[in-house]
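Next come the chains, spelled out residue by residue.
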Amino acid sequence: MRTWLQTIGDDPTWLFTLIVALVAALAATVVHVSLRALLKRMTRQSLIMRSTLDRTERAAAVTLPLLAMQVVFGSAPDTLPSIGFVRHSAGLLLIAAVTWLLLGAIRGLADGVIESNPRSVEQNLQARRIETQTRVLSRSAMVVVLIAGISIGLMTFPGARQLGASLLASAGVLGLVAGLAARPIFSNLIAGVQLALAQPIRIDDVLIVKGEWGRVEEITGSYVVLRIWDERRLIVPLQWFIENPFENWTRTGSEILGTVFLYLDYSAPVEAIRAEAKRVVEAAPEWDRRVFAVQVTDTTERTMQVRILVSAGNSGKAFDLRCRIREHMVGFLSREYPQALPTLRFEEARELQAA
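Everything in this summary refers to the structure shown in the same document. (Residues numbered from 1 in each chain as written. Predicted model: local features only at pLDDT ≥ 70, side-chain atom pairs only at ≥ 80, totals over all residues. Heavy atoms only, no water.)

## Topic: the overall build of the protein
In step 1: On a plain count of helices and strands, the protein comes out with 12 helices and 8 strands.
In step 2: Counting only residues that meet the buried cut, the protein has 34% of its 355 residues in that class.
In step 3: Considering only residue pairs separated by 6 or more positions, the protein has 66% of its internal contacts joining residues 24 or more positions apart.
In step 4: On the protein, roughly 21200 Å² of surface is accessible, and the fraction owed to carbon and sulfur atoms is 62%. (Helix = DSSP H or I, 4+ residues; strand = E, 2+ residues; numbered from the N terminus. Buried < 20%, exposed > 50% of the residue type's maximum accessible area, 1.4 Å probe, protein only. Contact = heavy atoms within 4.5 Å. Areas by Shrake-Rupley, 256 points an atom, 1.4 Å probe, with all protein chains shown as cover.)

As structure tokens, then:
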């Protein structure tokens, strides 16, 4: 290193080249600052462009000076000592900076699209669809860009491709093992693209997976995070959703039906129960006024089954509405029609006391 620095100090051409490179880098920095300020003013009303500019600020501040310096080094005479090493090193830094810039641009575009379609509204099906597609596709694109950047960097070394070919030729077993080990990664990557395009699930969808009720909290490049109702997290690989059936309660909308079952004596007044249930449902804020019905849906030799069917805007409201109806109807029957409740166990107790 000292010999190379001494060579640069003793060679006026090298000193001139370095000075020109530094001036070019400084000029590129000034261009970056000015252009960025102009773009911020022009895209003030665009969430997508603003997010992209914010995500690429640091990467662009590094990329433009490196590009300017690479142009200077490329124009320098080939007879300069160690010019090949300097060009190669600057080229590697430029490839890394461009890769960083592209990753930031993809992330910024994704964040801007998601921010432009918030899912905080009540009817957020379209927003959740866009967010799911954006997140999965952007992560897949970032993986591709990262792999491409690393590959281009390795290809700048003359012996890199020969080394890779010799490893594949002389160590086929290791190559096979590596391929098998990488299979889950690529299968999940392909599954992520399938999920983004077909969209059997989306962010904030309500799913029943392996008997667990939960909401889709996150979709990464390899797994899905479900937030279970009791705040546990269920981690499911992406490939699982392609190969296995599951329930999606919000596939085309969040509206859902809920049922409350009452098991009553045959003497229970169905019309009075229907009227009271209607009064409770109409006063409940969770009811969306789409569906209401009270029917005797089954009978056994001891009781009859009365079903109260209601609708709500989403599964959470439906659960609260069912609990409200159930609590009120049990209290109503106990207070107004106690004979309507099953009495078999009380009769058996009396018979035992008589014996």
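Here the narrative resumes.
## Quick look at the sheet that holds strand β1 (residues 206-209)
In step 1: Spatial strand order, β4-β3-β2-β1-β5: 5 strands in an open sheet with antiparallel pairing. Taken across any chain shown, the strands that pair with only one partner, and hence form the sheet edges, are β4 (233-237) and β5 (247-248).
In step 2: Looking at chain direction, strand β3 (residues 223-228) and β4 are connected through 5 bridges and run antiparallel. Residue pairing across strands places Leu226 opposite Leu234, the latter belonging to β4. (Pairing = 2+ DSSP bridges.)

## Brief notes about the layout of surface pockets
Rolled over the atoms, a probe sized like a water molecule indicates the empty space that remains.
In step 1: Reported here for the largest pocket is a volume of approximately 230 Å³.
In step 2: Taken together, Trp213, Trp229, Trp249, Ile256, Leu257, Gly258, Thr259, Ser315, Gly316, Ala318, Phe319 and Arg322 make up the full set of residues lining the largest pocket.
In step 3: Elements with a contribution of two residues or more to the lining of the largest pocket: β6 (256-264) and α11 (315-336).
In step 4: For the lining of the largest pocket, the element with the most residues is α11, which contributes 5 residues.
In step 5: What the second largest pocket holds in volume is close to 170 Å³.
In step 6: What lines the second largest pocket is simply Val31, His32, Leu35, Arg36, Leu39, Leu53, Thr56, Ala60, Thr63, Leu64 and Leu101.
In step 7: Elements with a contribution of two residues or more to the lining of the second largest pocket: α2 (12-42) and α4 (57-75).
In step 8: No other element matches α2, which puts 5 residues into the lining of the second largest pocket.
In step 9: Here the lining of the second largest pocket is built from residues that sort into 7 nonpolar, 3 polar and 1 charged. (1 Å grid on protein atoms, 1.4 Å probe; cavity = no way out; pocket = protein on both sides within 12 Å on 5 of 7 lines; lining within 4 Å. Points joined across faces, edges and corners; volume = space filled by probe spheres on them. Nonpolar A, V, L, I, M, F, W, Y, C, P; charged D, E, K, R; others polar.)

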